[in-house]
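A look at the structure
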Amino acid sequence: MDDLVRELYQEVILDHYRHPRNYGRVENDVRSVLGDNPLCGDRIEVFAKVEDGRLAEIRFEGSGCAISTASASLMTEHLKGKSVEEALAMIQAFHDMVTEGVKSERLGPLQVFEGVRDYPSRIKCAVLAWHALKAAILEQSETVTTEADE
Ligand code: ZN
């Protein structure tokens, strides 16, 4: 098991790693973006279907470490059904929390990832699926890599 997961000691992260929610492809009318984090070897593809300004469907597929997989799983669970504006605000809030420690009530259970901030090499694992989802919503690209990060 992953040292970081053990240290964070967050049952919710382990649970989502072992039993990812919303796992699998979406085939029709879907925007998909592959997130690549070569530093850790995480490759996660995010599928988003936007209907009437809402995220009608979000799923993901791929292979990653516990942090990247659990983050993707929790993201799909909590952003599904949200308006595009709210989803983008949550993506920004999540990014600000894991990179700068900015707390946000908006994130609810996703706040378990706050501790990742103390492990700089793992921040990219935590934000990978979120970057992919943002690119999918904004139709920016078909791949995102953490190495292109600021
Ligand atoms: Zn990783």
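For the structure itself, consult the block above.
Reference entry: report on the structure contained in this document.

Analysis parameters
Sequence positions are assigned chain by chain, starting from 1 and proceeding in written order. Given that the model is predicted, a residue must reach a pLDDT of at least 70 before its local features are reported, and side-chain atom pairs must reach 80 or more before they are shown or counted; all residues, however, enter totals for whole chains, interfaces and linings. To get the side-chain values, take all heavy atoms of the structure and skip hydrogens and water. Between any two strands, pairing holds if DSSP finds at least two bridges. A run of H or I in DSSP becomes a helix once it reaches four residues, and a run of E becomes a strand once it reaches two; helices and strands are each numbered from the N terminus. Between N-to-C directions, angles span 0 to 180 degrees; the directions come from axes that are lines fitted to C-alpha atoms, helices contributing only their stretch in contact. Contacts were defined at the residue level, with two residues in contact if any of their heavy atoms lie within 4.5 Å. A donor here means any N, O or S atom no more than 2.8 Å from the metal (3.2 Å for Na, K and Ca); water is not included, so a site may seem to lack partners. Under the scheme applied here, a residue whose accessible area is under 20% of the maximum for its type counts as buried, over 50% as exposed, and between as partly exposed, the area being computed with a 1.4 Å probe on protein chains only. What counts as a ring pair is set by centres within 6.5 Å for rings of Phe, Tyr and Trp (its six-membered ring), and what kind of pair is set by the plane angle: stacked under 30 degrees, edge-to-face over 60, tilted for all other angles.

Details of the sheet that holds strand β3 (residues 54-63)
If you walk across this open sheet you meet the four strands as β3-β2-β1-β4, and the pairing is mixed. In the strand order of this sheet, the two ends are held by β3 and β4 (143-145), each with one partner. Neighbour-to-neighbour, the strand axes of the sheet open up by a mean angle of 20°, direction not taken into account. Where strand β1 (residues 31-37) lies against β4, three bridges are found, and the strand directions are parallel. Across the sheet, G35 pairs through a bridge with V144, a residue of β4. On top of the sheet, helix α3 (residues 66-79) reaches β2 (42-51) and β3; it is set at about 165° to β3, its chief contact.

A look at the coordination of the zinc ion
Protein coordination at the zinc ion comes from C40 (SG), D42 (OD), D42 (OD), C65 (SG) and C125 (SG), with a distance range of 2.2 to 2.7 Å. For the zinc ion, the single-chain donor residues occur in sequence as C-x1-D-x22-C-x59-C. Highlighted residues: D42 in strand β2 and C125 in helix α5 (residues 120-137), separated in sequence by 83 residues. In terms of burial, D42 and C125 fall into one category: buried.

Some points on the environment of T143
For T143, the position within the fold is in strand β4. When the C-alpha atoms of T143 and R31 are compared, they prove to be 11 Å apart, with 112 residues separating the residues in sequence. Setting aside its immediate chain neighbours within four residues, T143 contacts V33 and L34.

Here's the deal with the packing of aromatic side chains
Applying the stated criterion across every chain yields a total of three aromatic pairs. With a centroid separation of 5.2 Å and an interplanar angle of 85°, the aromatic rings of Y23 and F60 are classed as edge-to-face. Of the two residues, Y23 sits in the loop between α2 (11-18) and β1 while F60 sits in strand β3, which places them 37 residues apart along the sequence. Looking at F60, the relative accessible area reads 1%, which means it is buried.

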